[in-house]
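# Survey of secondary and tertiary structure
Here's the letter readout for the chains.
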Amino acid sequence: MTTLDSGSSFADLSRYEQAFTDIKSLKLKLPQQAVSSLAREVLDRVLDEARFVDAERIPTTGENLVALSKALISNDDTAGANWIARQRRDGIPVRKLYLTYLAGAAEQLGEWWAENKISLVDVTIGTSRIFAILRSLAPMFESTTPQKGKRAVFASTPDEDHTLGIRMATDLLREEGWNIDLKVGISHKDLVREIGASNSRLIGLSAAGAHSVVDLAKLVIALRISNPQAYILISGKVVSEARELVDLMDADAVADDYAGAKAALELLWTRTQVTIPEVQA
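Before going into details, it helps to say that this report is about the structure given with it. (Residues numbered from 1 in each chain as written. Predicted model: local features only at pLDDT ≥ 70, side-chain atom pairs only at ≥ 80, totals over all residues. Heavy atoms only, no water.)

### Quick look at the sheet that holds strand S2 (residues 179–183)
Read across the sheet, five strands follow the order S2-S1-S3-S4-S5 without closing on themselves; strand pairing throughout is parallel. Single-partner strands in this sheet number two, and they are S2 and strand S5 (253–255). Ignoring which end each strand starts from, the neighbouring axes of this sheet average 20° apart. Strand direction decides the pairing type here: strand S1 (residues 151–156) and S2, joined by five bridges, are parallel. Bridge pairing links Phe154 to Leu182 in S2. Its contacts with the sheet put helix H12 (residues 258–272) on S1, strand S3 (202–206), strand S4 (231–235) and S5, and the angle it makes with S4 is roughly 175°. (Pairing = 2+ DSSP bridges. Helix = DSSP H or I, 4+ residues; strand = E, 2+ residues; numbered from the N terminus. Axes fitted to C-alpha atoms, helices over the stretch in contact; angles between N-to-C directions. Contact = heavy atoms within 4.5 Å.)

So, in structure tokens, the structure goes:
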């Protein structure tokens, strides 16, 4: 991997490299149909987030978006990241980088894919890099202040039938004073919309087994884009059945039983109470 430019203005350069390595490795271990689904999820989610945010667009040119799009699918793993970093150094706000450049590049890649101008391999690489760039920018998206009362959103993977475990965990944590918003039996699209609207900083996801790996991966990707400020915990039987794949999903914590999940939640909650310095977003 080519090294990122020094002084790139990313909040955490290692976050980009780790996120890109993990999502690329995850896609290599999944069937082609699942890889295509994950790539499409990144494209659709970035565009959806841009459409729903009312923000002034930065004047740009088609040449700029083509240049970024080509960088994202080039042989250089960090060409796209460095392109975005240079705009950041020039004073472009983070959120507008997202809404104008990354959303525009996602749209461009989608069009090229539909027109068979680029392959699934190209799209897989490009979307992995877009996702990694967003993860590297995540700490800069918004300033937060400590919240009162322990709270989290819990959700099972979309349309999951086996929800006894997450329901029991919810009940036990509520008895200990946690405010848990539980979401089960909901489609992927509605689940992402509802959790996204909650602006929750702590999200617990549960999957009943290895059969839910692709649905879980899509959900994590979507939430990383819609809720960049959130910490994500993954638990459930999927952890014991597909730990190698779960470890590549960019979660902040993983637990295979209630005790482990509770301890992880407590630790993640303390992190949400740290005030993030203001940045130009």
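On we go.
### Details of the pairing of S1
Of all six residues in S1, five are buried, a share of seventy percent or more. This β-α-β element, S1 to helix H7 (residues 164–175) to S2, shows right-handed connectivity. (Buried < 20%, exposed > 50% of the residue type's maximum accessible area, 1.4 Å probe, protein only. Right-handed = clockwise from strand over helix to strand, strands pointing away.)

### Quick word on the side chain of Ser212
Mapped onto the fold, Ser212 is located in the loop between S3 and helix H9 (213–226). Leaving out residues up to four positions away in the same chain, Ser212 has contacts with Thr157, Glu160 and Ala207.

### Some points on the side chain of Arg135
For Arg135, the position within the fold is in helix H6 (residues 120–137). Only 2.5 Å separates the side chain of Arg135 from the side chain of Asp250, close enough to count as a polar contact. When neighbours within four sequence positions are excluded, Arg135 is seen to be in contact with Arg15, Ala19, Arg224, Pro228 and Asp250. (Polar contact = N/O pair within 3.5 Å; in protein donor to acceptor, adjacent residues only side chain to side chain.)

### Quick look at unusual backbone geometry
Phi is positive for Asp159, which is not a glycine, with a value near 60°. Classification of Asp159 by relative accessible area gives exposed; the value is 52%. One non-glycine residue, Asp250, adopts positive backbone phi at about 65°. When you line up the elements, Asp250 lands in the loop between helix H11 (243–246) and S5.

### Details of the nonpolar core
If you look at the biggest cluster of nonpolar residues, it comprises 73 residues, and the most contacted ones within it are Val46, Leu205, Ile234 and Val238. Per element, the largest residue contribution to this core is 12 residues, and it comes from helix H5 (residues 94–114). Setting aside its immediate chain neighbours within four residues, Val238 contacts Ala207, Ala208, Gly209, Ala210, Val213, Leu216, Arg243 and Val246. Listed in part, the 17 residues of the second largest apolar core include Ile166, Trp178, Val184 and Leu202. (Core = buried A, V, L, I, M, F, W, Y, C linked by side-chain atoms within 4.5 Å.)

In short, the description is geometric, and any link to function would need to be established separately.
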